[in-house]
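Residue strings, one per chain:
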Amino acid sequence: QVQLVETGGGLVQTGGSLRLSCAFSGRTMDVYTMGWFRQAPGKEREFVAATIRWTGSTLYADSVKGRFTISRDNAKNTVYLQMNSLKPEDTAVYYCATGRATWIRGTNDCEFWGQGTQVTVSS
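Residues numbered from 1 in each chain as written. Predicted model: local features only at pLDDT ≥ 70, side-chain atom pairs only at ≥ 80, totals over all residues. Heavy atoms only, no water.

S.K.: Help me get a handle on the overall build of the protein chain, residues and values and all.
M.R.: Tallying secondary structure elements over the protein chain gives 0 helices and 11 strands in all. For a compact globule of 123 residues, the expected C-alpha radius of gyration is about 14 Å, and the protein chain comes in at 13 Å, within 12% of that figure. Based on the C-alpha atoms only, the size of the protein chain along its principal axes is roughly 40 × 30 × 25 Å. Considering the protein chain as a whole, with its 123 residues, one finds that 44% of them fall into the buried category. For the protein chain, restricting intrachain contacts to residue pairs at least 6 apart in sequence, the fraction spanning at least 24 positions comes to 57%. Of the roughly 6100 Å² of accessible surface on the protein chain, 47% is carried by carbon and sulfur atoms. A gap of 3 Å separates the mean positions of the 13 positive and 10 negative side-chain charges of the protein chain. (Helix = DSSP H or I, 4+ residues; strand = E, 2+ residues; numbered from the N terminus. Rg over C-alpha atoms; globule rule 2.2 N^0.38 Å. Buried < 20%, exposed > 50% of the residue type's maximum accessible area, 1.4 Å probe, protein only. Contact = heavy atoms within 4.5 Å. Areas by Shrake-Rupley, 256 points an atom, 1.4 Å probe, with all protein chains shown as cover. Lys, Arg positive; Asp, Glu negative; His and termini not counted. Charge placed at Lys NZ, Arg CZ, Asp CG, Glu CD.)

S.K.: Describe the state of the cysteines, naming the residues involved and giving the relevant values.
M.R.: Per the counting criterion, the structure on display carries 1 disulfide. A sulfur-sulfur distance of 2.1 Å marks the disulfide that ties Cys22 to Cys96. Across the S-S bond of Cys22 and Cys96 the torsion is about -85°, and the bridge reads as left-handed. Highlighted residues: Cys22 in strand β3 (residues 18-25) and Cys96 in strand β9 (residues 92-99), separated in sequence by 74 residues. Both residues of the pair, Cys22 and Cys96, count as buried. (Disulfide = S-S within 2.5 Å.)

S.K.: Quick one: what's the story with the sheet that holds strand β1 (residues 3-7), residue by residue and with numbers?
M.R.: The 4 strands are arranged β1-β3-β8-β7 in an open sheet whose pairing can be described as antiparallel. Every other strand in the sheet has two partners, leaving β1 and β7 (68-73) as the edge strands with one partner each. Between one strand axis and the next, the sheet turns through 15° on average, direction left out of account. Strand direction decides the pairing type here: β1 and β3, joined by 5 bridges, are antiparallel. When the sheet's bridge partners are listed, Gln3 is paired in β3 with Ser25. (Pairing = 2+ DSSP bridges. Axes fitted to C-alpha atoms, helices over the stretch in contact; angles between N-to-C directions.)

S.K.: Help me get a handle on the nonpolar core, residues and values and all.
M.R.: With 35 residues, the main nonpolar core has Met34, Trp36, Val48, Phe68, Leu81, Met83 and Tyr94 as its most contacted residues. Those elements giving two or more residues to this core turn out to be β3, β4 (33-39), β5 (46-51), β6 (58-60), β7, β8 (78-83), β9 and β11 (117-122). Excluding its chain neighbours within four sequence positions, the residues that come into contact with Met83 are Gly16, Ser17, Leu18, Leu20, Arg67, Phe68, Tyr94 and Val119. (Core = buried A, V, L, I, M, F, W, Y, C linked by side-chain atoms within 4.5 Å.)

S.K.: Give me the lowdown on the side chain of Glu6, citing residues and values where you can.
M.R.: Inspection of the secondary structure assignment puts Glu6 in strand β1. Notably, Glu6 is buried but unbridged: the nearest opposite-charge side chain belongs to Arg45, and the N-O separation is 7.5 Å. A polar contact of 3.0 Å, which involves the side chain of Glu6, links it to the backbone nitrogen of Gln115. Polar contacts involving the side chain of Glu6 include one to the main-chain amide nitrogen of Gly116, which spans 3.0 Å. (Salt bridge = Lys/Arg side-chain N within 4 Å of Asp/Glu carboxyl O. Polar contact = N/O pair within 3.5 Å; in protein donor to acceptor, adjacent residues only side chain to side chain.)

In structure tokens, the structure reads:
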């Protein structure tokens, strides 16, 4: 079975940066598309970014494009989310997710989820 464990969340001021990591285990990560989602209180879980299986091509939500960067290290079975220029509206629990679908743009595209890591941006 696939397991995902997120780390790197925390408290940061507006304009600051955080780097989230997601450790993938149970399979070879190369064949899985990896994604990041987030969920703020009272809101639905939303897509943030994804890196496509094999190719490493990336997709971003409009709200984070230009500020966040997703990357993957297949040798380490790890995916990262570098978050820069953070805003209070980025405050949420961030989840790592994965699936064999080529395109991950919504929660229904994902087969496995991590436990989440809290990101809080103060202002």
